[in-house]
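# Structural description and commentary
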Amino acid sequence: MNPFSSGTRLRDMIRAIRACKTAAEERAVVRKECASIRAAVSDNDNDYRHRNLAKLMFIHMLGYPTHFGQMECLKLIAAPGFPEKRIGYLGLMLLLDERQEVLMLVTNSLKQDLNHTNQYIVGLALCALGNICSAEMARDLAPEVERLLQFRDPNVRKKAALCSIRIVKKVPDLVENFVNPVASLLKEKHHGVLLTAMQLCADLCILSEEALEYFKKRCTEGLVKVLKDAVNSPYAPEYDISGIADPFLQIRLLRLLRILGHGDADASDCMNDVLAQVATKTESNKNAGNAILYECVETILSIEDSGGLRVLAINILGRFLSNRDNNIRYVALNMLMKAISVDGQAVQRHRATILECVKDSDASIRKRALELVYLLVNESNVKPLTKELIDYLEVSDQDFKGDLTARICSIVEKLSPDKLWYIDQMLKVLCEAGNYVKDEVWHALIVVITNASNLHGYTVRSLYRAIQTSVDQEAVVRVAVWCIGEYGDLLMNNTGMLDLEEPITVTESDAVDVIELAIKRHTSDLTTRAMCLIALLKLSSRFPSSSQRIKDIVTQSKGSLLLELQQRSIEFDSIIEKHQNLRAALVERMPVLDEATYSGRRSGSVPAAVSTSQGNALHLPNGVAKMADAPLLDLLDLSVDEPAAPNSSGGNFLQDLLGADISSSSSQSGKIQAQKSGTDVLLDLLSTGSAPAQNGSSTPDIFSISQDNKTSISALDSLSSPMVPPVQASPITGGSPMDLLDGFGPNPPVPKDNGPAHPPIVAFESSSLKIIFNFSKEPESPQTTLIEANFTNKSSEVYTDFIFQAAVPKFLQLHLEPASGNTLPSSSSGSITQKLRVTNNQHGKKSIMMRIRISYKLNGKDMLEEGQISNIPRDL
Amino acid sequence: MIRAMLVINNQGKSRLAKFYNYTPVEQQQQLIRSIYSVLCLQPENVSNFIEGGLLLGPDSRLVYKLFATLYFVFVFDSSENELAMFDLIQVYVEILEKCFSNVCELDIVLNYGKMHTILDEMIVGGQVVETNSDIVMKAVEEISKLETTTAGAKLISKSASLLWG
């Protein structure tokens, strides 16, 4: 016998491990034990085998590898004695992985033990089988388990029932073998057996439609009676949990009834009475009672409608919300979220209580309540709810403010009835939690402000007040600085006063003070400071008398270490100093920002047109401002002395090409300016691809014709005439006109009379899948677009059960026709087509977009792909 | 179904770990560590439920209860009633109390075999099999008796008594 294996007893080993001060010591002890156990394993030591395995299980629990003990489990299971078997089965459940060949070896032992005369050994075998049974074992041992469902001892019957669950889950074909035995088990009186039988029954119903039908017809009434007895039973101490009779049984019963009653009016009808009894009679001052009520509510909400019962159920949840126990409130909120889809009205009635839960001390409850409130908000209650939430924002926890502001902003954006309210609410949020809002939120606010021309004065005055009190909230500062820059003049003279507004007196220097303060605050970041500089530049023109002071402030940033600030400072300084005549025009008010474009950009994945080196932080207001100062740079660099001279490169090109003397006319800006884009068109056309030769030759022809007619056409007109022919000529060239003409900007001269042609787009492409959209339109309804989606499979495996789903925003209506098939051959060798009919209620304003979801089976495995399509042209 | 039953002490050491879906030992340890890291940060007076989500995979939740130095944890999916799982912890601990009278962490460490015996009488394959503590106790006692007295090699019964006694 190996000298090591006689070593320590299990307890001594545990003590030794516990005595270890460090992880290294522990590892050393475990290593020593493992070495001696390995030695014993290789010696085939019988005497201490089960003790060694017991040690191994402890070592396994500590997270060390124990695979060398697997065969020892099998040997112990095959041993005759109970202690060996006990340890063997325990080891089997804990140590063995799913390697089939090892498990196969145990099947025979299990079979013998399932037929053993000792019911405890049968129990061990059942328990192990219930925990680790594989599909092969399930087939081999199902008859034994089925027989044990009728065993005399109830302890074996209940374990056999749970074992059957594992078996039918592994091999669903076996369901029908178990239907009859379960039906008889459901009539038993023994609580344990009944409990397990109901679980088995529930699983059979989930696995098989036939079983479900069978149990619906045969067992619903019986189960209702069992529940009725349980509710009305006198006190049964042995199953009691804190004063409630057998809550687990009642919960299982309710769950099974839910499965039987779902979608079946007759079965639902049959259980209405007893559910009402459970809902009213169960005591709700104990956790166990609430567990039953909770389950009962879920059952009521899932079975077929019975109005009164649903209201009762939702009222129970409402009552839960004011329970002192956090757990009860937690589950109630979870369930109310499900209940909204069933009966939103009834949930609305508990709005006040739910709102209280937003202020709960438990973060997880707050979070859920907030989600729920978000789901409950609609047009009619948005104002009071938003007020409550914003009021709470003042006192809420720091960690919660992020979530809370995000939700409030989302509610306000989604449901605001008018712009004034929107601006008011957003200002409140920004003042309370401006540091928590995302950039998109204040960008969107600025977009809304520019669009609300009647509110400019009011907004800038409110912001002026807000920045006085909330100077530490970055987002307020940014929005205020931007608005003061744009609408600073409205601040002085109380223009566009609203009735509710109190007049304020602000001087020019007050306004500049605010911006100076913002640019000098040490917490202000680059974006804010850059915005301040732009605002100052704008104010220098709006407040001529403060010009010198503004220049001084701008100059201070000349030495900034941040390149962006330094550059702006130098540029702006030069504008203020040297270009008085040009300044007013340069810093005019921003044109109204297009809300549709902005919201499209936000929801879609279209990248922002201008991306500065600062990335996201600078996107909207600054980005736009940058566009304004980019040409500025050119002006300063190129033509300081004659800034108003039109950039006439197009004209020059034309001049070169045609050799005609038109340079004099091109410098007469006026009309030429309007045709400029046309000149560029020509330029682009001529310089693109294979077209030039043909085009180049055709243009002079046209020109010469017009020269022939010189008598009747002025020089200017003749210049304008070549603008049109290339457009008409371009289809003739045979190239793809769309490509050539793409990106022209203001007025792309698409030949309208041909009717709009829509090129197909690649709507979605992943490594495995490609979707192409072909568009067509019905001439009589411009709002409707027919899309033919074409799916191809790029992988080398066939996809089966292919399903395409799409969701669209509210302004669209989507109708999906059935697909041409649900099997997609591999390697793009075939495709599925599916027609979509989309009606765009905001045709011309917003482009079509959709979220898509594609599910399919790849080698029997469920696959899911999701994406968003936002590259559909606007004109569709 | 119930996916796992764990007992973790307040130092993060696992005292009982039973997984009802096959989980490799490394993954078990990682789960225990991540669950512990969440549990030890839970403030007092909050609900005993934690949404599984990122921690434990989709459709999973966790209920825990702290007794003295030990966290008792059930991991389960949406087919189980959270409040009932909370009661199940109570039942399990009450049975431990009956077995060890004034149970403490040391009892649990040294008798982890018995902990498994009790658990196996209550839960099989992730489903609750019995909640009546008397019936569970009776079965556990019978099994203990069998482990010490079963006819077999004397040496084995001796070592068994050394093992569990």
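A quick note: this is a predicted structure, and the numbers were derived from the prediction, not measured.

With that settled, consider the overall build of chain B. The helix and strand tally for chain B stands at seven helices and seven strands. When the helices and strands of chain B are listed from N to C terminus, the series reads β-β-α-β-α-β-β-α-α-α-β-β-α-α. Across the 165 residues in chain B, those meeting the buried criterion constitute 61%. By sequence separation, contacts in chain B at least 24 residues apart represent 49% of the contacts at least 6 residues apart.

Centre distance and the angle of the planes are the two values used to describe a pair of aromatic rings. All names here are of chain A. With the rule as written, the count across this model stands at 14 aromatic pairs over all chains. Ring pairing ties together the aromatic residues Phe-791, Tyr-799, Phe-802, Phe-804 and Tyr-856, which thus form one cluster. The aromatic ring of Phe-400 is capped on one face by Arg-366, whose charged end is 4.8 Å from the ring centroid. Directly above the aromatic system of Tyr-374 lies the positively charged group of Arg-407, at a separation of 4.5 Å from the ring centroid.

Glancing now at the pattern of salt bridges. All names here are of chain A. Inspection of the entire model under this criterion finds 45 salt bridges over all chains. The salt bridge involving Glu-33 is made with Lys-55; its shortest N-O contact spans 3.3 Å. With a gap of 22 residues between them, Glu-33 in helix α2 (residues 23–42) and Lys-55 in helix α3 (residues 49–61) connect regions that are remote in the sequence. The partner of Lys-857 in a salt bridge is Asp-801, and the shortest N-O contact between them spans 3.5 Å. Of the two residues, Lys-857 is situated in strand β9 (residues 850–858) and Asp-801 in strand β6 (residues 799–807); the sequence distance between them amounts to 56 residues. Among the charged side chains, a salt-bridge network with shared partners connects Glu-213, Lys-216, Lys-217 and Asp-264.

A word on a negative patch on the surface. Residues and elements named next belong to chain A. Together, Asp-173, Glu-176, Glu-209 and Glu-210 make up a negatively charged patch on the protein surface. Summarising the element assignment, Glu-210 is placed in helix α12 (residues 209–232). For Glu-210, a relative accessible area of 66% puts it in the exposed group.

The next subject is the interface of chain A and chain B. The interface is formed by 72 residues belonging to chain A together with 64 residues belonging to chain B. Our enumeration of links across chain A and chain B arrives at six salt bridges. Put simply, Glu51(B) and Arg368(A) hold a salt bridge, and the shortest N to O gap is 3.2 Å. Scanning the region where chain A abuts chain B turns up 26 residue pairs in polar contact (both at pLDDT 80 or more). With eight residues, the top contributor of residues to the side of chain A that touches chain B is helix α5 (residues 82–95) of chain A. By residue class, the composition of the side of chain A that touches chain B is 31 nonpolar, 18 polar and 23 charged.

Attention now moves to the packing of helix α17 (residues 326–342) of chain A against helix α3 (residues 82–100) of chain B. Close contact between α17(A) and α3(B) brings their axes to 10 Å; oriented N to C, the two are set at 150 degrees. With respect to α3(B), the axis of α17(A) lies roughly antiparallel. Facing Asn327(A), Ile328(A), Val331(A) and Asn334(A) of α17(A), the residues of α3(B) in contact are Glu82(B), Leu83(B) and Phe86(B). Across the contact of α17(A) with α3(B), the residue classes tally to four nonpolar, two polar and one charged.

Below, the discussion takes up the side chain of Asn48(B). For Asn48(B), the position within the fold is in the loop between α1 (25–39) and β3 (49–51). For Asn48(B), the contacting residues outside a window of four places in its chain are Asn327(A), Leu62(B), Val63(B), Tyr64(B), Lys65(B) and Phe86(B).

Once that is clear, we can look at the packing of helix α11 (residues 191–207) of chain A against helix α13 (residues 247–261) of chain A. Each pair of packed helices can be described by the angle between their axes along with the distance between the axes. All names here are of chain A. For the pair α11 and α13, the least separation of the axes is 9 Å and the interaxial angle reads 25 degrees. Looking at the two axes, α11 sits roughly parallel to α13. Here the hand of the crossing between α11 and α13 comes out left-handed. Each of His-191, Leu-194, Leu-195, Met-198, Gln-199, Cys-201, Ala-202, Cys-205 and Ile-206 in α11 lies in contact with α13, whose residues at this interface are Phe-248, Leu-249, Arg-252, Leu-253, Arg-255, Leu-256, Ile-259 and Leu-260. For the contact of α11 with α13, the residue count by class is 13 nonpolar, two polar and two charged.

Turning our eyes to something else, we now look at the side chain of His350(A). Position of His350(A) among the secondary structure elements: in the loop between α18 (344–348) and α19 (351–358). For His350(A), the residues in contact, after removing those within four places along its chain, are Ile314(A), Asn315(A) and Gly318(A).

Attention now goes to the pairing of strand β1 (residues 2–9) of chain B. Residues and elements named next belong to chain B. The element β1 is extensively covered by neighbouring structure, given that seven of its eight residues are classed as buried. Examined bridge by bridge, β1 and strand β5 (residues 70–76) share seven bridges and lie antiparallel to one another. Bridged to Leu-6 within β5 is Val-73. Where β1 lies against strand β2 (residues 14–19), five bridges are found, and the strand directions are antiparallel. Directly across from Leu-6, in β2, lies its bridge partner Ala-17.

A few words now on the sheet that holds strand β10 (residues 861–869) of chain A. Residues and elements named next belong to chain A. Pairing is antiparallel in the open sheet, where three strands are placed in the order β6-β9-β10. The open sheet terminates on both sides in strands that have one partner only, identified here as β6 and β10. In this sheet, adjacent strand axes meet at a mean angle of 15 degrees when their direction is disregarded. Examined bridge by bridge, β9 and β10 share nine bridges and lie antiparallel to one another. What sits directly across from Arg-851, in β10, is Gln-868.

It is worth spelling out unusual backbone geometry at this point. Glycine aside, a negative phi is what most residues show, and trans is what most peptide bonds show. Residue and element names in this part refer to chain B. One non-glycine residue, Asp-59, adopts positive backbone phi at about 50 degrees. For Asp-59, the location among the structural elements is in the loop between α2 (53–56) and β4 (61–67). We note that Ser-101 has phi near 40 degrees; this positive angle belongs to a residue other than glycine. Mapped onto the elements of the fold, Ser-101 is located in the loop between α3 and α4 (105–110).

A separate point is the confidence of the model for chain B. Residue and element names in this part refer to chain B. When pLDDT is averaged along chain B, the result is 85; 90% of the residues meet or exceed 70. When pLDDT is averaged over each element of chain B, β5 comes out on top at 94 and helix α7 (residues 154–164) at the bottom at 49. Across the assembled chains, the prediction reports ipTM 0.88 with pTM 0.66.

Between its terminal C-alpha atoms helix α20 (residues 363–376) of chain A stretches 20 Å, which fits the 20 Å expected from 14 residues at 1.5 Å a residue. All of the buried residues in α20(A) are Ile365(A), Arg366(A), Arg368(A), Ala369(A), Leu370(A), Leu372(A), Val373(A), Tyr374(A) and Leu376(A). Contacts made by the buried residues of α20(A) are with α17, α18, α19, α21 (382–395) and α22 (398–415) of chain A together with β3 of chain B. Measuring from the backbone nitrogen of Ser364(A) back to the side-chain oxygen at the start of α20(A) gives 3.0 Å, which picks out Asp362(A) as the cap.

Basis of the calculations
- Residues numbered from 1 in each chain as written.
- Chains lettered and ligands numbered in written order.
- Predicted model: local features only at pLDDT ≥ 70, side-chain atom pairs only at ≥ 80, totals over all residues.
- Heavy atoms only, no water.
- Helix = DSSP H or I, 4+ residues; strand = E, 2+ residues; numbered from the N terminus.
- Buried < 20%, exposed > 50% of the residue type's maximum accessible area, 1.4 Å probe, protein only.
- Contact = heavy atoms within 4.5 Å.
- Phe/Tyr/Trp six-rings, centres within 6.5 Å; stacked < 30°, edge-to-face > 60°.
- Lys NZ or Arg CZ within 6 Å of the ring centre and 35° of its normal.
- Salt bridge = Lys/Arg side-chain N within 4 Å of Asp/Glu carboxyl O.
- Patch = residues over 30% accessible without salt bridge, like charges linked within 9 Å, V, L, I, M, F, W, Y side chains within 5 Å.
- Areas by Shrake-Rupley, 256 points an atom, 1.4 Å probe, with all protein chains shown as cover.
- Lys, Arg positive; Asp, Glu negative; His and termini not counted.
- Charge placed at Lys NZ, Arg CZ, Asp CG, Glu CD.
- Polar contact = N/O pair within 3.5 Å; in protein donor to acceptor, adjacent residues only side chain to side chain.
- Nonpolar A, V, L, I, M, F, W, Y, C, P; charged D, E, K, R; others polar.
- Axes fitted to C-alpha atoms, helices over the stretch in contact; angles between N-to-C directions.
- Parallel < 35°, antiparallel > 145°, perpendicular 65-115°, else oblique.
- Left-handed = near helix turned anticlockwise from the far one by under 90°.
- Pairing = 2+ DSSP bridges.
- pLDDT = per-residue confidence, 0-100.
- Expected span 1.5 Å × (residues − 1).

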